[in-house]
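Take a look at the letters that make up each chain.
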Amino acid sequence: MAGQASLSRAGLALLLAVGAPLTLGGCGNLGYYAHLLGGQVQVLRAREAISDVVSDPQRDARLRERLALVAEARVFAVDALGLPDGRSYTSYVELDRPYVLWNVFAAPEFSLQAHQWCYLFYGCFSYRGYYEQARAEQKAAALAARGLDVHVGGVSAYSTLGWFSDPVLSSMMHWDDAMLIGTVFHELAHELFYIRDDTAFNESFATFVEEEGLRQWSAARGETLPDRSQGRMRHAGFVALVRGAREDLQTLYAQTLPEEEMRARKAERIESLRMEYRRMRDEAWGGWSGYDRWFESPINNAKLLPVGLYHQWVPAFEALYAELDGNWPAFYAEVAVIGGLSTDARLKRLQTHQAFLIGLQVVAPHQFGFFSVNADGTANSLAVAGRRV
């Protein structure tokens, strides 16, 4: 059953027409390539210039107001944040569906190693995107028939890394202003810098640019960002629960056990995860039930995998930005240097910056609420308090 994945707000759906002919996998995937091409072309053909929508008195007043805000934020992104000045987010598309894409995730029944789909130029990804929910569900069913755990999640926005002029989508318009503007900053950051085969690095970088950009945007307008400390604390708690379950399952899967016993223990740990969530919801969150749908729907390895990727290295990028005195060009140049390192060397650099910021396992509250994150990017339980270091 499809549900909104944790990556749905701005997950990179890079399985695009420009890469399709060069996608690894051979002629058997031609139908998939045609689907991608058709879906992307459909989106591109539906674009309307934001300036035209804003100036049209026949259009919805609230839509015009919010698109005008996007246009203003895009100028700020270029002028103040140093993000690319292409044609992305100068147009708008009204979709006939709640999501622009649906991503399929898959993993073996007794492993947390994600099933990979690989693409020339872009690298490998732990999901495969479809412009039609039915196609995504069909692919998930085929993978499940092979014994894999599967999960389907809706995607509200994506980046083509500048290959196309990405539009603002109607699937983004149910967000509040901060999330809408932040997504523009986030996706433009992907156009500026992206490396192959390192989702946590790419997403953490873009998330930092998004959050710091929002702070500077609000300050420039003399506004105060809405207090999201409660939401961040809850999300941090959610991520901590899922990561704890993943670690326990990883330990379980490393054991040599009969298949039926392994399956039973897996089910027990997943049910324990649900119980931990209910306790946190009822005791720490005062009954706030925003994650009920996630926990009430089926949970398996594929669903657990993507949780937490967007923030893993955000403190490292925050530390780097602070070390460079908030100089965006210098920051981007250093990000490029780190991105060009080998995987092991990159990891060590990120850990060094992460340790600089959180040394004593204390993290800035505007990033993770009252949440403790280790220097290696792993998460602990909820901490007693948080403060900016």
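Residues numbered from 1 in each chain as written. Predicted model: local features only at pLDDT ≥ 70, side-chain atom pairs only at ≥ 80, totals over all residues. Heavy atoms only, no water.

What to know about the layout of surface pockets
- Approximately 990 Å³ is the volume found for the second largest pocket.
- Around the second largest pocket, the lining is made up of 29 residues, and of these L112, A200, L305, L309 and Q312 lie nearest the centre.
- Grouping the constituent residues of the lining of the second largest pocket by class yields 13 nonpolar, 10 polar and six charged. (1 Å grid on protein atoms, 1.4 Å probe; cavity = no way out; pocket = protein on both sides within 12 Å on 5 of 7 lines; lining within 4 Å. Points joined across faces, edges and corners; volume = space filled by probe spheres on them. Nonpolar A, V, L, I, M, F, W, Y, C, P; charged D, E, K, R; others polar.)

So, unusual backbone geometry
- The backbone of Y89 sits at a positive phi, close to 65 degrees, despite the residue not being glycine.
- Checked against the element boundaries, Y89 lands in the loop between α3 (61–79) and β3 (91–93).
- A positive phi is found at D197, a non-glycine position, where the angle reads about 60 degrees.
- Position of D197 among the secondary structure elements: in the loop between α5 (177–192) and α6 (199–220).
- Residue D197 is classed as partly exposed on the basis of its relative accessible area, which comes to 48%. (Helix = DSSP H or I, 4+ residues; strand = E, 2+ residues; numbered from the N terminus. Buried < 20%, exposed > 50% of the residue type's maximum accessible area, 1.4 Å probe, protein only.)

Considerations on helix α11 (residues 314–323)
- In terms of burial, α11 is a largely internal element, eight of the 10 residues being buried.
- Along α11, the positions that sit buried rather than exposed are V314, P315, A316, F317, E318, A319, L320 and Y321.
- Of the residues trailing α11, D325 is marked for its positive phi of about 55 degrees.

Quick look at the side chain of R97
- Among the structural elements, R97 can be located in the loop between β3 and β4 (101–108).
- A polar atom in the side chain of R97 sits 3.2 Å from the backbone oxygen of V100.
- With sequence-adjacent residues up to four places away left out, R97 is seen in contact with Q42, V43, W102 and Y131. (Polar contact = N/O pair within 3.5 Å; in protein donor to acceptor, adjacent residues only side chain to side chain. Contact = heavy atoms within 4.5 Å.)

Remarks on the pattern of salt bridges
- This model, assessed by the stated rule, comprises 23 salt bridges.
- For the salt bridge of R269 with D248, the shortest nitrogen-to-oxygen distance reads 2.8 Å. Highlighted residues: R269 in helix α8 (residues 259–284) and D248 in helix α7 (residues 229–253), separated in sequence by 21 residues.
- Assessed through its relative accessible area of 13%, R269 is described here as buried.
- Residue class for D248 comes out partly exposed when judged on its relative accessible area of 39%.
- Between D282 and R281 there is a salt bridge whose closest N-O contact spans 2.9 Å.
- With a relative accessible area of 45%, D282 lands in the partly exposed category.
- Residue R281 is classed as buried on the basis of its relative accessible area of 16%.
- When salt bridges that share partners are traced, they join R62, E65, R66 and D177 into one network. (Salt bridge = Lys/Arg side-chain N within 4 Å of Asp/Glu carboxyl O.)

Brief notes about the packing of aromatic side chains
- Overall, the coordinates contain 32 aromatic pairs when judged by the stated rule.
- With 6.3 Å between their ring centres and 80 degrees between their planes, F205 and Y332 make a pair best called edge-to-face. You can see F205 sitting in helix α6 and its partner Y332 sitting in helix α12 (residues 328–339), a full 127 residues away along the chain.
- Using a relative accessible area of 0% as the deciding quantity, one classes F205 as buried.
- For Y332, a relative accessible area of 12% gives the class buried.
- Three or more aromatic residues joined by ring pairs form one cluster here, namely F193, F201, F205, F208, F317, Y321, W328, F331 and Y332.
- Positioned over the ring face of Y32 is R128, at 3.7 Å from the centre of the ring.
- When the ring centre of F201 is taken as reference, the NZ or CZ atom of R346 above it lies at 5.8 Å. (Phe/Tyr/Trp six-rings, centres within 6.5 Å; stacked < 30°, edge-to-face > 60°. Lys NZ or Arg CZ within 6 Å of the ring centre and 35° of its normal.)

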